[in-house]
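Structural description and commentary
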Amino acid sequence: MTAPLTLGTRASPLALAQAHATAAALEEAHGWDRGTVSIFEVRTTGDRVQDRALAEIGGKALWTKELDVALLGGATQLSVHSCKDVESERPPELVIAAFLPRADVRDRLIGSPSIEALAQGARVGTSSPRRTAQLLRQRPDLQVSIMRGNVATRLLKIAEGSYDATFLAAAGLDRLGIDEGCAVETDAFLPAPGQAAIAIECRADDGETRALLAAIDHRDTHRAVLAERALARGVGGSCHSPVAALAVIEGDGGLWLRAELLSSDGAQQVQGEIRAGEGDEEAAGLALAAELLDRAPPEVRMLFAAA
Ligand SMILES: NCc1[nH]cc(CCC(=O)O)c1CC(=O)O
């Protein structure tokens, strides 16, 4: 190994936990001393703007642009992201070269033991169009409003009673060692594309870093996320568009992708699934996307292809 590597990350507690896990995986895989991979903290637009719905700020790359600038300018050799926050179309100069093994893909409900147990008209805070639509599909009586902030902030808002309940990804809570909330099953709450996966990106032309990252790539996670991200790319849409997708690798090595698109209030939806063999993950994601758009009720389709 030649020069030490610099890893770019956001500075939230969750982002830092993921960055340290990535550094440790690289150091272990290559037999490097601890600290060989140094951590470079970057503040993104999404971190700066806390008071408005992110969807309102508009534009993509809210969580990635400043990290991309560091990577493209050579200040860092890799970026670590929550895959869920990485827009489905990336600059061609960059490549997601590796994924850490995926954690629990489910959402957890905070503030109530179950969705059924929420009082009539209870106030639920979330800024996720997907979670909003999936929740209202089941409980149209609930009042959903925007909740932002990092994991700790959101837990505090529940503890303070500003909202009755919220959802957080089990993966984020687990990585922070927070044992709160009750998992909701993926049948009713299919997760966001890429949820619970940690994506490690580098410059496409940086063969040396790509080779180093290949040693820590978790193949099954990589294949599943390729399919989910292709689905997200294929349906188009924006951060306003309620889309869910989850791929798993089955016992025979085949991939099973499920996805759904919803209207904002969850009253309209289209769901589908597809299976694919090794190497066909992205094609399967794109094929399912086309099929879902084709079958989507107009109110759903309007939130995607045209967005
Ligand atoms: N949108 C914020 C975000 N991005 C990734 C995670 C959790 C970790 C993950 O899904 O990998 C979270 C918080 C949440 O949704 O609870």
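For clarity, every value in this text was computed on a predicted model and none was experimentally measured. (Residues numbered from 1 in each chain as written. Predicted model: local features only at pLDDT ≥ 70, side-chain atom pairs only at ≥ 80, totals over all residues.)

1. Description of the overall build of the protein
The helix and strand tally for the protein stands at 11 helices and 13 strands. The C-alpha atoms of the protein give a radius of gyration of 19 Å, which matches the 19 Å a tight globule of 307 residues would have. Structurally, the protein occupies a C-alpha span of about 60 × 45 × 35 Å along its principal axes. Here the protein holds 307 residues, and 47% of them are scored as buried. Expressed as a percentage of contacts within the protein between residues at least 6 apart in sequence, the contacts between residues at least 24 apart total 71%. (Helix = DSSP H or I, 4+ residues; strand = E, 2+ residues; numbered from the N terminus. Rg over C-alpha atoms; globule rule 2.2 N^0.38 Å. Buried ≥ 20, exposed ≤ 12 C-beta atoms within 10 Å, placed from the backbone. Contact = placed C-beta atoms within 7 Å.)

2. What to know about the site of the ligand
Every residue lining the ligand is accounted for by Ser82, Lys84, Asp85, Leu168, Ala169, Ala171, Gly172, Gln195 and Ala196. Of all the secondary structure elements, the ones that give two or more residues to the shell around the ligand are strand E8 (165-169) and helix H7 (170-175). When residues of the shell around the ligand are assigned to domains, at least three fall in each of domain 1 (1-100 + 197-217) and domain 2 (107-184). (Near = placed C-beta within 6 Å. Domains from an automatic or database assignment.)

3. Looking at the pairing of strand E12 (residues 255-262)
Summarising burial for E12: six of the eight residues are buried, a large majority. Sheet topology note: the strand E11 (residues 243-249)/E12 ladder contains seven bridges and is antiparallel. When the bridges of E12 are listed, Ala245 appears paired with Ala259. Between the end of E11 and the start of E12, which pair antiparallel, lie five residues, with Gly253 showing a positive phi angle near 90 degrees. Pairing of E12 with strand E13 (residues 269-276) involves eight bridges; the strand directions are antiparallel. Residue Leu255 lies in a different strand from E13, and its bridge partner there is Ala276. With antiparallel pairing between neighbouring strands as the criterion, E12 and E13 make up a hairpin whose turn holds six residues, including Gly266 at a positive phi of roughly 75 degrees. (Pairing = 2+ DSSP bridges.)

4. Considerations on the sheet that holds E13
The antiparallel open sheet is built from three strands, whose spatial order is E11-E12-E13. Of all strands in the sheet, those with a lone pairing partner are E11 and E13, marking the two edges. Averaged over all neighbouring strand pairs, the angle between strand axes comes to 10 degrees, with direction disregarded. Packed onto the sheet, helix H9 (residues 219-235) meets E11, E12 and E13 and runs at close to 150 degrees relative to E11. Docked against the sheet, helix H10 (residues 281-295) engages E12 and E13, running at close to 155 degrees with respect to E13. (Axes fitted to C-alpha atoms, helices over the stretch in contact; angles between N-to-C directions.)

5. Considering the environment of Ala133
Here Ala133 lies in helix H5 (residues 129-138). Between the C-alpha atoms of Ala133 and Gln268, which are 135 residues apart in sequence, the distance is 9.2 Å.

6. A look at the UniProt feature "modified residue: S-(dipyrrolylmethanemethyl)cysteine" (unreviewed entry) in the protein
Per the UniProt record, "modified residue: S-(dipyrrolylmethanemethyl)cysteine" (unreviewed entry) is annotated on Cys239. Mapped onto the secondary structure, Cys239 falls in the loop between H9 and E11. A tally of 20 C-beta atoms within 10 Å means that Cys239 is categorised as buried. (UniProt positions renumbered as here; feature names shortened; annotations may be inferred.)

7. Some words on the domain arrangement of the protein
Domain boundaries in the protein define domain 1 (1-100 + 197-217), domain 2 (107-184) and domain 3 (219-307). When each unit is reduced to the centre of its C-alpha atoms, the spacing between domain 1 and domain 2 is 27 Å. On the side of domain 2, 10 residues touch domain 1, which itself brings eight residues to the contact. Per element, the largest residue contribution to the side of domain 1 that touches domain 2 is four residues, and it comes from helix H1 (residues 13-30). Residues that form the side of domain 1 that touches domain 2 fall into these classes: five nonpolar, three polar and no charged. (Nonpolar A, V, L, I, M, F, W, Y, C, P; charged D, E, K, R; others polar.)

8. Observations concerning helix H4 (residues 65-72)
Within the sequence span of H4, burial applies to Glu66, Leu67, Asp68 and Leu71. A positive phi of about 90 degrees marks Gly74, the residue just after H4.

9. Side note on the pairing of strand E4 (residues 94-99)
Buried residues dominate E4, accounting for five of its six residues. Sheet topology note: the E4/strand E10 (residues 198-203) ladder contains five bridges and is antiparallel. Looking at the pairing, Ala98 lines up with Ile200 of E10.

10. Quick look at the nonpolar core
One finds Ile200, Ala227, Leu231, Leu257 and Leu261 to be the most contacted residues of the largest nonpolar core, which totals 79 residues. The element best represented in this core is H9, accounting for eight residues. Ignoring any residue separated from it by four or fewer positions in sequence, one finds Leu261 in contact with Val235, Pro242, Val243, Gln269, Val270, Leu292, Ala296, Val300 and Phe304. (Core = buried A, V, L, I, M, F, W, Y, C linked by C-beta atoms within 7 Å.)

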